[in-house]
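# Architecture and fold: a report
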Amino acid sequence: TKLVTDIICPFCGTLCDDIEVEVSDDGKKILKVMNACAIGAEKFLHAQSPDRIVRPRMKQEDGSWKEITYDEAAKYTAKILCDAKKPLMYGWSSTSCEAQATGHMVAELVGGIVDNTATVCHGPSLIAVHDVGIPSCTLGEVKNRADRVIFWGCNPAHAHPRHMSRYSIFSRGFFTTRGSKSRKVIVVDPRPTDTASVADYHVQVEQGRDYELLDAMRVALQEGPLPETVAGVPKEKIYELARLLKSGRFVTIFFGMGVTHSLGKNHNIDIAIALTSDLNKYTKAAIIPMRGHYNVTGSGQVLGWQFGFPFCVDLSRGFARYNPGESSANDLLMRGEVDASFVIGSDPGSHFPFKSVKKIHDLPSVCIDPHMTPTVAVSKCHVPVALVGIEIGGSCYRMDNVPIESRKVVDPPAGMLTDAEFLELVLAEVKRIKGVA
Ligand code: SF4
């Protein structure tokens, strides 16, 4: 057997880069995954799954699948995108930046709408960053310096299992040599979560009242007046938390969908960022969104380089427009404003409302995904591809916007293309149809 080291885990936005994998001598089979959490290890092991689909397929009238070639799949994809007036090209968060860049070239030629999974997770955070900027830092700084850590509306114990041990609670860094004993950890969540159970303070904010509590924390920093309770939290507790934060040397606020998708949405993040800025008058403070898919941050970066906006990019008029709510994938599907569906590296079939998923089912549609997912089940064409970060390398961005090059561990099944290779075929076919050199 051979040991492959320094592998990044292509599952969540923590992008752990210390994974080790034991592979067979011929380099074809993964035998053992070390250092990864249970969900990360499962992704590596899925590459070996005996029920893995290895060839593109078209759905037949009777609902059965018929195997086709990658060329035929690329021709079908190019045709439905070129025939459509407003094709939706959604997903992108579980593939490499290289594949994203190629796919966006296709979108520009066909006048598509490019949206990523931020539309249903940290889109409000991106909007808030446009409004007020963001004082942030890297996870390395958190590990080495942070002595006050807040998790607001997120539960890394389940969603980012190694985040706490590698960076935010238990890790030992240059100025945090005693690990969790060097830090005070606060969890703000209406529910008693597993992350809350290892925190020093659990603040049970009332559901949907995060804005009020964040605002009250800003007042408490200045020892200003507060009512007896705010969002279900007694004022003494709020003053205590404010003093605790001010007494720290380095505060980091991590936040998740508990704040981005509860009442207030982007305004919650506006004020969380304002609280972080206020804290910088007393100590050093930074704020980081807990990004979910391993390269959703990269998708925002690549869209930003190419079109100037991080999600919800509408190219249907020949230039980039950006208007979340109007040009976001779920809203477009709900209103029936798109006439073809292209999904890559995500699973709206699991996360979008029934009405949107039904639309994908009714439209000409293609799903590019190594796995059999609910989105695949409702699509007309399924293109299985090599697993990025396991069977092919590629660039990815961690949740703190640090770019990391992923490594290839084993070969993909014989004859299987990568996302980028398949998208090159689609791009060539679109250029042929459009008569573009
Ligand atoms: Fe992979 Fe995330 Fe688990 Fe790290 S925490 S091993 S990146 S799933």
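Residues numbered from 1 in each chain as written. Predicted model: local features only at pLDDT ≥ 70, side-chain atom pairs only at ≥ 80, totals over all residues. Heavy atoms only, no water.

### Here we look at helix H13 (residues 296–307)
Put simply, the test is: Helix and strand definitions follow DSSP, with helices as H or I runs of at least four residues and strands as E runs of at least two, each counted in order from the N terminus. What a helix should span is 1.5 Å times the count of its residues minus one. Summary of the burial criterion: residues with accessible area below 20% of their type's maximum are buried, those above 50% are exposed, and those between are partly exposed, where the area comes from a 1.4 Å probe applied to protein chains only. When checking whether two residues touch, look at their non-hydrogen atoms; a contact exists if any pair is within 4.5 Å.
With 12 residues, H13 should reach 16 Å at 1.5 Å per residue; the first-to-last C-alpha distance of 16 Å fits that figure. Those residues of H13 not exposed but buried are Val 296, Thr 297, Gly 298, Ser 299, Gly 300, Val 302, Leu 303 and Phe 307. Summarising the contacts, the buried residues of H13 are in contact with helix H3 (97–110), strand S7 (113–116), strand S15 (313–314) and strand S20 (394–397).

### Some thoughts on the domain arrangement of the chain
Counted only if it meets this: Residue ranges assigned to the domains are those given by an automatic or database domain assignment. Throughout, the accessible surface (probe 1.4 Å) given up by two parts as they are put together, summed over both, is called the buried area. Any carboxyl oxygen of Asp or Glu within 4 Å of a side-chain nitrogen of Lys or Arg constitutes a salt bridge here. Polar contact criterion, stated in full: a pair of N or O atoms within 3.5 Å, where within protein one must be able to donate a hydrogen and the other to accept it, and residues adjacent in sequence count only if both atoms are side-chain atoms. Nonpolar residues are Ala, Val, Leu, Ile, Met, Phe, Trp, Tyr, Cys and Pro. Charged residues are Asp, Glu, Lys and Arg, and all others, Gly as well, are polar.
You can read the domains of the chain as domain 1 (2–46), domain 2 (57–120 + 294–434) and domain 3 (123–289). When each unit is reduced to the centre of its C-alpha atoms, the spacing between domain 1 and domain 2 is 25 Å. Between domain 1 and domain 2, the contact holds 20 residues from the first and 17 residues from the second. Both faces considered, domain 1 and domain 2 share a buried interface measuring about 1,600 Å² in area, 68% of it formed by carbon and sulfur atoms. Three residues, Ile 8, Leu 15 and Lys 43, lead the burial of domain 1 against domain 2; their summed loss comes to 31% of the area buried on that side. For the interface between domain 1 and domain 2, the tally reads zero salt bridges. Put simply, domain 1 and domain 2 have four residue pairs in polar contact (both at pLDDT 80 or more) between them. Counting only elements with at least two residues in the side of domain 1 that touches domain 2, the list comes to strand S1 (2–7), strand S2 (19–23) and helix H1 (38–46). Counting residues per element, the side of domain 1 that touches domain 2 draws most heavily on S1, which supplies four residues. Of the residues contributing to the side of domain 1 that touches domain 2, the split by class is 11 nonpolar, five polar and four charged.

### As for the site of the ligand
Here is the rule we go by: We call a residue near a molecule or strand as soon as one heavy atom of that residue lies within 4 Å of the molecule or strand.
Taken together, the residues surrounding the ligand are Cys 9, Phe 11, Cys 12, Leu 15, Cys 16, Ala 36, Cys 37, Ile 39, Gly 40, Pro 161 and Arg 162. Class assignment for the residues of the shell around the ligand results in nine nonpolar, one polar and one charged.

### Some points on the sheet that holds strand S3 (residues 30–34)
Under the convention used in this document: Pairing between two strands requires that DSSP report at least two bridges joining them. Each axis is a line fitted through C-alpha atoms, taken for helices only over the stretch in contact, and angles between the N-to-C directions span 0 to 180 degrees.
Strand order across the open sheet formed by three strands is S1-S2-S3, with antiparallel pairing between neighbours. With partners counted over all chains shown, the strands left at the sheet margins are S1 and S3, one partner each. Each neighbouring strand pair of the sheet contributes to a mean axis angle of 20 degrees, computed without reference to strand direction. Pairing geometry for S1 and S2, over four bridges, is antiparallel.

### Section: the side chain of Arg 398
Of note, Arg 398 is situated in the loop between S20 and strand S21 (403–406). In this structure Arg 398 comes out as buried when scored by relative accessible area, which is 8%. For Arg 398, the side chain forms a polar contact with the side chain of Tyr 167, separated by 3.3 Å.

### A few points about the sheet that holds strand S13 (residues 250–255)
The strand order S10-S9-S8-S13-S14 describes an open sheet built from five strands, whose pairing is parallel. Unpaired on one side and paired on the other, strand S10 (201–203) and strand S14 (284–289) mark the two borders of the sheet. Geometrically, the sheet is characterised by an average inter-axis angle of 15 degrees between neighbouring strands, direction not taken into account. The pairing of strand S9 (residues 184–188) with S10 spans three bridges and is classified as parallel. Counterpart to Val 188 in the pairing with S10 is Val 203.

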